[in-house]
Amino acid sequence: MVSGDGGGGTPSGETGGGGVGAPNLDAEAQANIAHATRVSPQTVQWLLDNYETAEGVSLPRSTLYNHYLYHCADHKLDPVNSASFGKLIRSVFMGLRTRRLGTRGNSKYHYYGIRVKPNSSLNNLSEDGTPLNIRNQGGQVKKTPSGQGGQETSHHTHQQGRNVSSTGNIKSNDPYDSQAHMGSEAISTGDVTRALPILPEINLSNPIPAGVSKQHFENFRAIYQEHCENVLEVIYNLQFHLMETVWRRFWGLGNNNNVISSDKNNVNEVSDEDEGELASKFPSNVLQNMLRSPAILEFMKNVDYQFYQNIVEVLIPDVLRSIPSTLTQSIRNFAKSLELWLSNALMGYPAEAIEVKITAVASLAQTLRRYTSLNHLAQAARAVLQNSNQITQMLSDLNRVDFHNVQEQASWVCQCDVSLVERLKEDFKATLQQQNSLEQWAEWLQTVVDQTLTPQEGSPDFSKHARQFLLKWSFYSSMVIRDLTLRSAASFGSFHLIRLLYDEYMFYLVEHKVASSLGLTPIAVMSQFLSTAKVQNIGEGNFSLNGDESTVPAIKRPKYEDS
């Protein structure tokens, strides 16, 4: 019996947490499967011992078959052909789906929803089934998408889209494939088991468009769930270059698939004749009417904001923790391309749907750029805060600042409580004198936000109070920097760096505080700014989403340049 949740069925009786486990097959069931597929019960048990079902992951079919051939050679068994082995896999792990992933000329069929167990010896085999020399793997590890926590496995094997040599070195020239350029740096991502959002039911209280049924809405929800799984797999494997393909495969309308890829060296596998998954499931008029309906627009907006927030937390689980520079650059390149990739994929769809999708992905791109910049500042400031000589110089220069004059000039603009400003000044000096770590500074900044904004929580103007606090914080800090500049302070550069970091981190804290107060994700809060801007200059014309046209080609949004 197969239990389904819209995200791919898994056999009943699974063990473990986070939706991960293996079927519980008794001896009779194993014998029946072995007889039906002409393999030994020993092979069935080998599959159960070494593989398990899991959400959001996949394995190339050729990799599983090569593992099987290695198993047969090791135990002197006669292997069945690949087709018979495929029947065996589906008999043991019911509910698996098959997908073709990769670019043209380098694509492979994958089983979606299965992985090698973290403690399996198969992790020491390459994709062609030959053993890897563990000592030559360079210590590169990647967390498995397991809910058990703390388990890690080599990411050399079983990762689609990479070439792995016998020495474990990854060969890739793709600027978006960050793991290919990681060297010996370890990758630490967030918990992927919670990244896939629980999709809400589509609100059918509004009138249903002509020609559209409730079943169409239910089918759309199921397909959208599967699409989110595909996106998550690309993100977790850090194969950012495949995102364009995933979007075009889902949204493509057939005649729009000849859009030139933004990567001129990457020939997209989607052909001119192919229809996207949506277009192949719904008649054209039904699809267009459905994507104009308020129910679907609200559904996509809510899912995207939550899902994109989860993606940010997978890629950057801690904005202060060091991230390898190559991964940082790959994320920034990825963010820079997101709007173009999605707007190309959405050509021909209703303007209302395009605005919802592009606004959400623009918020994702902006958030990724901000958080990677914040992380870069944090690592630069960490070096300053760990240098006792620089801290001593900063204290000396800070004690010469005329804070009375700063307060007089700022009071008329900010009208802040004088006692609060004085307390923050003394706390800042004390924290600096103690030579606290970056994490301790972060705790102090969090305390400042809580003390200032908590009394305002629940008020209708909470967001306004939060914005005013950010402006006042920035104004006061700029006045201090001005005084240090006029005095030609020796530690001016250090203060300038610290000020940039603290301003950015304060923005980060306030953003999350406001989001929590409103019951929204931080990405949804930031999108409120983006959604107020008119989306113009679409395609070759100057179409505006405020106009009457029903469909649009591509969208150009305001640019946020890399800092």
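What counts, and at which threshold
- Residues take numbers from 1 onward in each chain, read along the sequence in its written order.
- Totals for whole chains, interfaces and linings use every residue, but because this is a predicted model, local features are given only for residues with pLDDT of at least 70 and side-chain atom pairs only at 80 or more, for both listing and counting.
- Heavy atoms throughout the structure, all of them, feed into the side-chain values; hydrogens and water do not.
- Runs of E in the DSSP output that reach at least two residues are strands. Runs of H or I that reach at least four are helices, and both are numbered from the N terminus.
- Relative accessibility thresholds used throughout: buried, under 20% of the residue-type maximum; exposed, over 50%; partly exposed, between the two (1.4 Å probe, protein chains only).
- Throughout, a residue-residue contact means that at least one pair of heavy atoms, one from each residue, lies within 4.5 Å.
- Only the protein chains shown count as cover for residues, and all accessible areas are computed by the Shrake-Rupley method using a 1.4 Å probe.
- Stacked, tilted and edge-to-face are the three classes applied to pairs of Phe, Tyr and Trp rings, where Trp contributes its six-membered ring and a pair requires centres within 6.5 Å; stacked means planes under 30 degrees apart, edge-to-face means over 60, and tilted covers the rest.
- Whether a charge sits over a ring depends on NZ of Lys or CZ of Arg being within 6 Å of the ring centre and within 35 degrees of the ring normal.
- When DSSP locates at least two bridges between a pair of strands, those strands are taken to pair.
- Only the contacting stretch of a helix is used when fitting its axis, a line to C-alpha atoms as for every element, and angles between N-to-C directions run 0 to 180 degrees.
- An angle below 35 degrees is read as roughly parallel, one above 145 as roughly antiparallel, one from 65 to 115 as roughly perpendicular, and any other as oblique.
- Throughout, a crossing is termed right-handed when the near helix is turned clockwise from the far one, and left-handed when it is turned anticlockwise from it by less than a right angle.
- Think of it as three bins: nonpolar holds Ala, Val, Leu, Ile, Met, Phe, Trp, Tyr, Cys and Pro, charged holds Asp, Glu, Lys and Arg, and polar takes everything else, Gly as well.
- Nine residue types can take part in a nonpolar core, namely buried Ala, Val, Leu, Ile, Met, Phe, Trp, Tyr and Cys, and a core is a set of them joined through side-chain atoms within 4.5 Å.
- Bear in mind that the domain bounds are from an automatic or database domain assignment.
- Each polar contact in these results corresponds to two N or O atoms within 3.5 Å; when the atoms are within protein, one needs to be able to donate a hydrogen and the other to accept it, and residues that are neighboring in sequence are counted only if both atoms are side-chain atoms.
- We define a salt bridge as a contact between a side-chain nitrogen of Lys or Arg and a carboxyl oxygen of Asp or Glu at a distance within 4 Å.

- Naming follows an unreviewed UniProt entry, where the chain appears as Transcription factor RFX4 of Armadillidium nasatum.

Some details on the overall build of the chain
Part 1 of the argument: Within the chain, the secondary structure is distributed over 18 helices and nine strands.
Part 2 of the argument: The buried share of the chain, taken over its 563 residues, is 53%.
Part 3 of the argument: Within the chain, residue pairs in contact and separated by at least 24 positions form 73% of the contacts whose partners lie at least 6 positions apart.
Part 4 of the argument: Just so you have it, the chain exposes about 25600 Å², and 49% of that area is on carbon and sulfur atoms.

What about the packing of aromatic side chains?
Part 1 of the argument: Under the defined criterion, the tally for this structure stands at 21 aromatic pairs.
Part 2 of the argument: With a centroid separation of 6.2 Å and an interplanar angle of 70°, the aromatic rings of F220 and F299 are classed as edge-to-face. Of the two residues, F220 sits in helix α5 (residues 214–236) while F299 sits in helix α9 (residues 294–315), which places them 79 residues apart along the sequence.
Part 3 of the argument: Look at F220 and you get buried, because its relative accessible area is 0%.
Part 4 of the argument: Residue F299 is classed as buried on the basis of its relative accessible area, which comes to 3%.
Part 5 of the argument: A cation over a ring is seen here: R370 above F507, with NZ or CZ 4.3 Å from the ring centre.

Quick look at the environment of L501
Part 1 of the argument: Take L501: it is sitting in helix α17 (residues 492–518).
Part 2 of the argument: C-alpha of L501 to C-alpha of S373: the two residues are 128 residues apart in sequence and 9.3 Å apart in space.
Part 3 of the argument: If sequence neighbours within four positions are ignored, L501 has contacts with L374, L377, A378, A381 and L438.

With respect to the pairing of strand β5 (residues 108–116)
Part 1 of the argument: Among the nine residues in β5, seven count as buried, and that is most of the element.
Part 2 of the argument: Strand direction decides the pairing type here: strand β3 (residues 51–60) and β5, joined by six bridges, are antiparallel. Bridge assignment links L59 to a residue of β5, and that residue is Y111.

Details of the packing of helix α10 (residues 325–345) against helix α11 (residues 351–385)
To characterise two packed helices, one gives the angle between the axes of the helices and the distance between these axes.
Part 1 of the argument: The contact between α10 and α11 brings their axes to 9 Å, and the two run at 165°. Of the possible angle classes, the one that applies to α10 and α11 is roughly antiparallel. Crossing geometry of α10 relative to α11 is assigned as left-handed. In this structure, α10 uses T328, I331, R332, F334, A335, K336, L338, E339, L342 and S343 to contact α11, whose residues at the interface are K357, I358, V361, A362, L364, A365, L368, R369, T372 and S373.
Part 2 of the argument: Looking at side-chain class alone, the contact of α10 with α11 contains 11 nonpolar, four polar and five charged residues.

Focus: the nonpolar core
Part 1 of the argument: With 120 residues, the main nonpolar core has F220, Y224, W247, W251, M300 and L368 as its most contacted residues.
Part 2 of the argument: Counting residues per element, this core draws most heavily on α11, which supplies 16 residues.
Part 3 of the argument: Residues from two domains meet in this core; each of domain 2 (181–255 + 275–374) and domain 3 (387–537) gives at least three.
Part 4 of the argument: Formed by 23 residues, the second largest nonpolar core is a distinct cluster that contains Y51, C72, V80 and I89.

Structural notes on the side chain of N375
Part 1 of the argument: Within the fold, N375 resides in helix α11.
Part 2 of the argument: A relative accessible area of 2% means that N375 is categorised as buried.
Part 3 of the argument: Here the side chain of N375 touches V319 through a polar contact of 2.9 Å, landing on its backbone oxygen.
Part 4 of the argument: For N375, the residues in contact, after removing those within four places along its chain, are D318, V319, L320, R321, S322 and I323.

What about unusual backbone geometry?
Part 1 of the argument: For L238, which is not glycine, the phi dihedral falls at a positive 60°.
Part 2 of the argument: Its location among the elements puts L238 in the loop between α5 and α6 (243–251).
Part 3 of the argument: According to the relative accessible area criterion, L238 is buried, its value standing at 0%.
Part 4 of the argument: Although it is not a glycine, Q435 sits at a positive phi angle of roughly 55°.

Details of the pattern of salt bridges
Part 1 of the argument: Taken as a whole, this structure holds 16 salt bridges when the rule is applied.
Part 2 of the argument: Two residues, K301 and E298, come together in a salt bridge whose shortest N-O distance is 3.5 Å. Of the two residues, K301 and E298 are both situated in helix α9; the distance of three residues between them amounts to about one turn of the helix.
Part 3 of the argument: For K425, the salt bridge goes to E422, with nearest N and O atoms at 3.0 Å. Remark: E422 and K425 occur in helix α14 (residues 418–433); sequence separation between them is three residues, near one turn of the helix.
Part 4 of the argument: For E422, a relative accessible area of 39% corresponds to the partly exposed category.
Part 5 of the argument: Among the ionic contacts, a cluster of salt bridges with common partners joins R97, E226 and E229.

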